[in-house]
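Observations on chain architecture
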Amino acid sequence: MPHQANPPGWSRRQLLALAASAAAGGPLGAQAQTRTPFATRPLRVVVPFAAGGATDVIARVLGERMGQRFGQSVVVDNKPGAAGLIAGEAVVKAQPDGMTALLGTTSSMLTSKYLYKKTPYDPLTDLTPLVRVCLAPIALVVTADTPAQNLQEFMAWIQAQKGKLSYGSYGIGSHGQLACTTLSEVASADMTHVAYKGEAPMVQDLLGGQVKIGMGSLLSLKSHIDAGKLRALAVTGPRRVPLLPDVPTFAEAGYPQDALSLVGWLAIAGPKGMPADVARQWAQTANHAVASREGMARIIAAGFVPVDDDTPEKFARLWAQEAPVWGRLLQAAGVQPT
């Protein structure tokens, strides 16, 4: 990957963190282990995915470093299934004493309320937002044989092929569907949505040429982009992604619509009623863990953008602002709650 100036939005602090910590050989700004007053026993971080996935790996890396500062071990409790609702319900039912938290995604902690008629909890009222640990952008890709070399050419191409093209996403109601629906509407392209049950089958059909257009996580697409089999045209969110620094955001390329500017996130939340001082300690501890050498490295390698300066107040405001936007986008895309 060629050397270049800091990607837009990628802080000098974060880039220097990687270089400085490499020499230190350990967490950045490592301090002596301190015992947090509320942490009287091992803490539990519930993850809505099976062991071994990117979120689980990040949870364990961050958990180890958070445990050092909490003065207690942090146990990762995997509870996959039901689009993250099983894990969320386990946290909602826990005591709000700071001993249990959820490390979840935008879908399990926000958009689920718009995708299902009945859920065991309302994430906006039954969880306490603590801190985001990273942003989770997705990329628009096309197969190598398509004529579009950038987003402007892509928009002209799909407009010229009105009604003839299909795009793949990793499921009904996914961010990929919302983003491509927006692109199709802007270009009056009348593209057809092909909803897959996950990213793996979508990528297989992209590589096989069954679909020419898709949107997915950088983790699933990066190796195929590097191999020249897929071409990345743009990424969602407010800043470029360290893993693909040469690929512009949609806004940079001239498309600032909500579905293209929004970005998913991986974040920590606790049960409703968690004391404010405990929430702040969780946020400070998570920020420190993200800023560690391995925390940064793992997050970037997974295709995410680290966030090491969040607070419960900032996260709560963002949560409240983004929720109705996601709801409106899902409704506009014709996604009906099941």
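Above this text you will find the structure in question.
In this text the structure is predicted, and so the values were computed from the model without any measurement.

Reading the values: rules and limits
- Residues numbered from 1 in each chain as written.
- Predicted model: local features only at pLDDT ≥ 70, side-chain atom pairs only at ≥ 80, totals over all residues.
- Heavy atoms only, no water.
- 1 Å grid on protein atoms, 1.4 Å probe; cavity = no way out; pocket = protein on both sides within 12 Å on 5 of 7 lines; lining within 4 Å.
- Points joined across faces, edges and corners; volume = space filled by probe spheres on them.
- Helix = DSSP H or I, 4+ residues; strand = E, 2+ residues; numbered from the N terminus.
- Nonpolar A, V, L, I, M, F, W, Y, C, P; charged D, E, K, R; others polar.
- Core = buried A, V, L, I, M, F, W, Y, C linked by side-chain atoms within 4.5 Å.
- Buried < 20%, exposed > 50% of the residue type's maximum accessible area, 1.4 Å probe, protein only.
- Contact = heavy atoms within 4.5 Å.
- Pairing = 2+ DSSP bridges.
- Axes fitted to C-alpha atoms, helices over the stretch in contact; angles between N-to-C directions.
- Expected span 1.5 Å × (residues − 1).
- Bend = angle between axes of the 7 residues up to and from the residue.

Structural notes on empty space enclosed by the protein
Per the stated rule, a full pass over the model turns up 1 cavity of 30 Å³ or more. Volume-wise, the largest cavity comes out at about 30 Å³. Taken together, Val45, Ala59, Leu62, Gly63, Met66, Leu103 and Ile268 make up the full set of residues lining the largest cavity. Of the residues forming the lining of the largest cavity, the biggest block, 4 residues, is contributed by helix 2 (residues 54–70). Split into classes, the residues belonging to the lining of the largest cavity amount to 6 nonpolar, 1 polar and no charged.

Regarding the nonpolar core
Core analysis: the largest hydrophobic core is formed by 46 residues, its most contacted members being Met109, Trp265 and Trp319. With 8 residues, the single largest contributor to this core is helix 13 (residues 312–332). Sequence-distant contacts of Trp319, defined by excluding residues within four places in its chain, comprise Met109, Leu110, Pro123, Leu124, Leu127, Thr128, Pro129, Trp265 and Ala269. Ala39, Val47, Val131 and Cys134 belong to the second largest nonpolar core, which has 32 residues in total.

Considerations on the sheet that holds strand 9 (residues 230–235)
What the 5 strands build is an open sheet, ordered 7-6-8-5-9; its pairing is mixed. Each end of this open sheet is capped by a strand with a single partner; those strands are strand 7 (192–195) and strand 9. With strand direction ignored, the average angle separating the axes of adjacent strands in the sheet is 30°. Where strand 5 (residues 138–143) lies against strand 8 (residues 213–217), 5 bridges are found, and the strand directions are antiparallel. Bridge pairing in strand 8 links Leu140 to Met215.

Some words on helix 13
Residues spaced three or four apart along an α-helix face the same direction, because each turn holds 3.6 residues. The first and last C-alpha atoms of helix 13 sit 30 Å apart over 21 residues, in line with the 30 Å expected at 1.5 Å per residue. A bend of about 25° at Glu322 is the largest found in helix 13, and the proline Pro324 appears one to four places after it. Where helix 13 is concerned, the buried positions are Pro312, Phe315, Leu318, Trp319, Glu322, Ala323, Val325, Trp326, Gly327, Leu329 and Leu330. Following helix 13 by one or two positions, Gly334 adopts a phi angle in the positive range, close to 80°.

The quantities given are spatial measurements derived from coordinates; they are silent on function.
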